[in-house]
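Coordinates in review
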Amino acid sequence: MAGKPTEEQQAARDVFAAGRDLALVAGAGTGKTSTLILMGAATRKRGLYVAFNSSIVHEARSKFGSNVECRTSHSLAFVAHGHRYQERLDASAHMPGKQVARLLEIPKDLDINGSRITRAHQARLVMNMVRRFCFTTDRELASRHMERLNGLDQLGQAYVAGLLLPYAVKAWEDICFPRGRLRFVPDHYLKMWALTKPVLAADFILLDEAQDTNPVLEEVFLAQDAQRVCVGDPAQQIYAWRDARDVMTSFPAEHLHLTQSFRFGPQIAAVANRWLHHADSPMRLSGCGPATSRVQPVENADAVLCRGNAEAMKEVLNFLERGVAVSLTGGGKNLRRIATAAQELQAGRRTSHPELFLFTTWGEVQDYVEHDASGQDLKTTVDLVDTYGPDKIIQAIDHLTAENQAKVSVSTTHKAKGREWASVRIGEGFLSPPTDADGIPRPLTAAEARLIYVAVTRARYLLDVEGINWIDAYEKATADNSGTGLVAGRPMIDLSLTGQLKYPTSPVSQFMAQHLPRSYRVVKNYLQRIADLPHPLQPIDTRYPSWAALGHAIDFRLRLALGSPLGGTVATGVEALASDPHLVGAPSPDIRAALHAAGKHLLAAVSVHLGTGPHLHEEALVRLCFVAAFYEAVGRTGEINRFSLLSGATPSTTLRDLTAAVPAYAITDINRQMRLAASTFAPLRSLPKHAKTCGPVFAGSADIGGADADFVLDGLLLDCKATIYPHKLGAAEVYQLAGYLLLDYDDRFHIDRVGLYLSRQGGLITWEVQEFLHHLGATQPLAYLRTQMNKRLRQARTSAIVI
């Protein structure tokens, strides 16, 4: 290696030279590769360097000595086993679930507890069982390899898994047969190779990027008798979503660190360390690279790094419009082929795409990537084509410039890993965590922080943090200063009821602890009463339901059933799209105008339905309620997150477009919840109008940052919970009911019962008010407690003003 090794590098070399196993944690730009080369040069023994990425291996071959062989894990498996399947690899294509079902001879749809699992969905579950098996160290396929199905209890899960296991075994037998007909991928022969318990021909093995290791390779690596060295950076683990694992942290060996980064200087190192903190990493880097490196706005950066493909394509299109020669890391060849396939399928023609020729419509492709784990490698590309349209994608790809001739390179962070540029601008997509109803940001996930850490450590001289400049406000808002009576710089008294219950030192929580200290007794009673309720129903035909939207949608649908409008927060969200200049994640003004118009149309449609008519049919109401949930989210949080139904809008979007985009699983799920609610809500629906209040606001709601319950129905204070984990409801939910009860200072609603309605079980759990307060440990009557609550909150308000 060039130059004298650092003390950290020399220490790693010495441990290796002594023949001991080693886990080397190497931060970004700390000379990981040169340290490995130093190790390889310290001996004449036979070595094997293993990495996942072929481009990394190709570069390594030019740097290691002749005693070190450089291979990818898949190339090792291919030479030993995979070459027998070359024809299948060449011919393998993505396959729709219905065709897999035919090949496996799955006979019919399954009816499980009122939910239908189609033959195509069974086929997807079967192939995912095989996929999950291939990512484990198990020797045989088993029922446990079936993914958890939403809405099934343990018995239902075991029943379906038992039914499908023979088909999974049949699928694996087909895959292992060189002339089989199912799709064959490299992970299949990697698993076959691992099952042979291979012994690698080397005296020492260097495993690179060990923080993102396939569990199958991990098993092979750990089983070797050779000296083992794993190297990587757990803070750069960004492929956990692809079943990769961190081998390093628990590796039974000596652990050393490389922390001196030669890529950049102290300013960029400080930014990296900030994100290492949020990634829960104990490591901190020292910037020993160019002293001139700076963190500042960069007008013409060499690279723009985005979170996802959609944001990267947006950058590419902007550069092309300005006439700037731009490249897209990884090129656009595959993306162009998918876009061409979309054109062909959307035109009603079969496509010649080698991996999609079995699909007859673009809708089949969309369904495949959304629900089939085997199609996850295509999902981001298909989503990108759907976002911009195939014509625009093809035009953009055709105008790209080769990277070595481009003025700027655009890349996703995943594709930028292992790369570096002189100057880097952090682009779009790295959004601040969403806020709760009180405007307090939810926690930043360690996984997101790791991704941003990778992005900011790609720059050598100049780093522009434009795309993540929200971190200052986030850190200020989440600083732990609750002991001072403040949260995010705001007095706790300004938080809503549910917001205050999150903090033991808030005025509401302190009042509850003093006057109603025994929430555990109510919780115990509640758990006893739900023990015999059925398993919560859930969508069974989708992997990632929009739980929050479903929860608000069933609340809206029940309100409409009781003859009440949707509530003011939906209207607030609609108006925010037209008037709030600080709306986080807001689209362009023309798109906002379209969404505002659609929202006004939605409110008008509901008003007509509740009035003189014409009255809408059930499916139309359900679709409106689901769309309304996303407008309510805007009203509550002041932002549009990337997963919102509204985020995909265009300037021409109408309410009809939004309701058409409501997924089928949402309609089925809400309809099933409404059927469960029919008997419970029938007598409540027949109450006179004056006895039904939806979204009640209490006299004391203004003393805090707000408190609006779901329903008060003829004296019954009722909160609707659409949770799939009813046994996890506890003290917070109990005190939420108690808070509503106490805030009704003037007894306007004449509450004599309180309760929870579990909409996914059809369970109604109620308590008489006196019984409820007794369980909570109250020693004073309700009127007294209300008076004391009023005094306590007003005192807190006065103290907050003085502060």
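Below or above, wherever it landed, is the structure these notes cover.

Let us look at helix H28 (residues 664–685). Taking 1.5 Å of rise per residue, the 22 residues of H28 would be expected to cover 32 Å, yet its terminal C-alpha atoms sit only 27 Å apart, more than 12% below that figure. Roughly 60 degrees is the biggest bend found in H28, and it falls at Ser-679, with proline Pro-683 one to four residues downstream.

Backbone geometry at Glu-105 places phi at a positive 60 degrees, although glycine is not the residue there. In the Ramachandran plot, Glu-209 falls in the positive-phi region, its phi being about 50 degrees despite a non-glycine side chain. With respect to the helices and strands, Glu-209 occurs in the loop between strand E6 (204–207) and helix H10 (215–222). The exposure class assigned to Glu-209 is buried, which follows from its relative accessible area of 16%.

What follows concerns the environment of Ala-93. Position of Ala-93 relative to the elements: it lies in the loop between helix H5 (86–91) and helix H6 (97–104). Spatially, the C-alpha atoms of Ala-93 and Leu-533 are 45 Å apart, while their sequence positions differ by 440 residues. In contact with Ala-93, not counting residues within four places along its chain, are Arg-183, Pro-354, Glu-355, Phe-357 and Leu-358.

Ordered in space as E11-E16-E15-E12-E14-E13, the 6 strands form an open sheet in which the pairing is parallel. Looking at the sheet topology across the chains shown, the edges are occupied by strand E11 (294–295) and strand E13 (326–328). Examined bridge by bridge, strand E12 (residues 303–306) and strand E14 (residues 408–412) share 4 bridges and lie parallel to one another. In the sheet register, Cys-306 faces E14, and the bridge partner there is Thr-412.

For the rest of this paragraph, the subject is the layout of surface pockets. Counted as a void, the second largest pocket has a volume near 320 Å³. Lining the second largest pocket are 18 residues, and of these His-535, Pro-536, Ile-724, Tyr-725 and His-727 lie nearest its centre. For the lining of the second largest pocket, the per-class residue count stands at 11 nonpolar, 6 polar and 1 charged.

Turning to empty space enclosed by the protein, a few remarks are in order. Space left empty within the atom packing is revealed by a probe, the size of a water molecule, rolled over the atoms. This model, assessed by the stated rule, comprises 4 cavities of 30 Å³ or more. The space that makes up the largest cavity amounts to roughly 70 Å³. Looking at the largest cavity, the residues that line it are Ala-51, Phe-52, Ser-73, Leu-207, Asp-208, Glu-209, Asp-212, Thr-213, Asn-214 and Leu-217. For the lining of the largest cavity, a count of residues per class yields 4 nonpolar, 3 polar and 3 charged.

Right, let's talk about the pairing of strand E21 (residues 716–721) for a bit. Burial runs high along E21: 6 of the 6 residues are buried. On E21, burial covers both faces: Leu-716, Leu-718 and Cys-720 on one face and Leu-717, Asp-719 and Lys-721 on the other are all buried. When strand E20 (residues 711–713) meets E21, the two strands line up antiparallel, connected through 3 bridges. The partner of Leu-713 across the bridge, within E21, is Leu-716. Of the pairings in the sheet, the one linking E21 to strand E22 (residues 753–758) comprises 6 bridges and is parallel in character. Across the sheet, the residue bridging to Cys-720 is Tyr-757, located in E22. You can see the chain leave E21, run along helix H29 (residues 731–743) and come back into E22, and the turn it takes is right-handed.

About the cut-offs
- Residues numbered from 1 in each chain as written.
- Predicted model: local features only at pLDDT ≥ 70, side-chain atom pairs only at ≥ 80, totals over all residues.
- Heavy atoms only, no water.
- Helix = DSSP H or I, 4+ residues; strand = E, 2+ residues; numbered from the N terminus.
- Expected span 1.5 Å × (residues − 1).
- Bend = angle between axes of the 7 residues up to and from the residue.
- Buried < 20%, exposed > 50% of the residue type's maximum accessible area, 1.4 Å probe, protein only.
- Contact = heavy atoms within 4.5 Å.
- Pairing = 2+ DSSP bridges.
- 1 Å grid on protein atoms, 1.4 Å probe; cavity = no way out; pocket = protein on both sides within 12 Å on 5 of 7 lines; lining within 4 Å.
- Points joined across faces, edges and corners; volume = space filled by probe spheres on them.
- Nonpolar A, V, L, I, M, F, W, Y, C, P; charged D, E, K, R; others polar.
- Right-handed = clockwise from strand over helix to strand, strands pointing away.

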